[in-house]
Amino acid sequence: MGAAADAPNHAQRMGIVPAMVVREPGWDDDTDDRIRAEIQDTIGDAMVDDETDEAVDAVLLWWRAGDGDLTCELTDVVRALADPGAIWVLTPTTGKPGHVDRREVAEEAHAAGLVCVATVALGAWSGNHLARPEPASA
């Protein structure tokens, strides 16, 4: 079949499953339509935008250097996140315009009360998986 058949499904790598509600702030002309299509195919619906009041299972935040204050954006999106929920901050890879270092993403996540669980390559984008920290054991 070719390379496309062997290519990883980014939605699966991100833990996206059918019927999830996924919010997508930061979409623009430079985002990866393949990632978006895989997510929408997997969830069986369109992703919701910033205007939704609906609790979401995951957030796909496209983020570039110069987009503003990431800590503030993360604080806003976590309010709409169902528990447990996941946030994926997608940034252009190293050497691409708008690249944000993953250490900076981790620092901003920490300031917003989140932890960086993993970082994965998603084509020309890096996916930084953020989550609420696990509660401390008694």
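Check the entry above for the structure.
Residues numbered from 1 in each chain as written. Predicted model: local features only at pLDDT ≥ 70, side-chain atom pairs only at ≥ 80, totals over all residues. Heavy atoms only, no water.

Peer 1: Tell me about the overall build of the protein, and name the residues and values.
Peer 2: Along the protein, the regular secondary structure elements total five helices and five strands. Beginning at the N terminus, the succession of helices and strands in the protein can be written as α-α-β-α-β-α-β-α-β-β. Over its C-alpha atoms the protein spans a radius of gyration of 15 Å, differing by no more than 12% from the 14 Å that the globule rule assigns to 138 residues. With the C-alpha coordinates aligned to their principal axes, the bounding extent of the protein is approximately 50 × 35 × 35 Å. A separation threshold of at least 6 residues defines the contact pool for the protein, and within that pool the share at least 24 residues apart is 72%. (Helix = DSSP H or I, 4+ residues; strand = E, 2+ residues; numbered from the N terminus. Rg over C-alpha atoms; globule rule 2.2 N^0.38 Å. Contact = heavy atoms within 4.5 Å.)

Peer 1: Account for the nonpolar core, with residues named and values stated.
Peer 2: The tendency in soluble globular proteins is for nonpolar side chains to be buried as a group. Formed by 19 residues in total, the largest nonpolar core has its most connected members in V59, L61, L74, I87, V89, L114 and L130. Where this core is concerned, the elements lending two or more residues are β2 (56–62), α4 (70–79), β3 (81–92) and α5 (102–111). M14, M20, V22 and V120 belong to the second-largest nonpolar core, a separate cluster that totals 18 residues. (Core = buried A, V, L, I, M, F, W, Y, C linked by side-chain atoms within 4.5 Å. Buried < 20%, exposed > 50% of the residue type's maximum accessible area, 1.4 Å probe, protein only.)

Peer 1: Now, about the packing of aromatic side chains: what can you tell me, with residues and values included?
Peer 2: Tallying each qualifying case throughout the model produces one aromatic pair. Between W62 and W125, the ring centres sit 4.7 Å apart and the planes meet at 80°, which makes this aromatic pair edge-to-face. Here W62 is found in strand β2, whereas its partner W125 is found in strand β5 (residues 125–131), with 63 residues between them in sequence. (Phe/Tyr/Trp six-rings, centres within 6.5 Å; stacked < 30°, edge-to-face > 60°.)

Peer 1: Can you explain the sheet that holds β3? Please cite residues and give values.
Peer 2: The strand order across the open sheet built from five strands is β1-β2-β3-β5-β4, with neighbouring strands paired in mixed fashion. Either end of the sheet is taken by a strand with one partner, and the two such strands are β1 (22–23) and β4 (115–122). When β1 meets β2, the two strands line up parallel, connected through two bridges. Each bridged residue has a counterpart across the sheet, and for V22 the counterpart in β2 is A58. (Pairing = 2+ DSSP bridges.)

Peer 1: Break down α5 for me, citing the residues and quoting the values.
Peer 2: Every α-helix winds through 3.6 residues per turn, so residues three or four apart in the chain are directed the same way. Its side-chain oxygen 2.7 Å from the backbone nitrogen of R103, D101 forms the N-cap of α5. Positive backbone phi, at 85°, marks G113, one or two positions downstream of α5. (Polar contact = N/O pair within 3.5 Å; in protein donor to acceptor, adjacent residues only side chain to side chain.)

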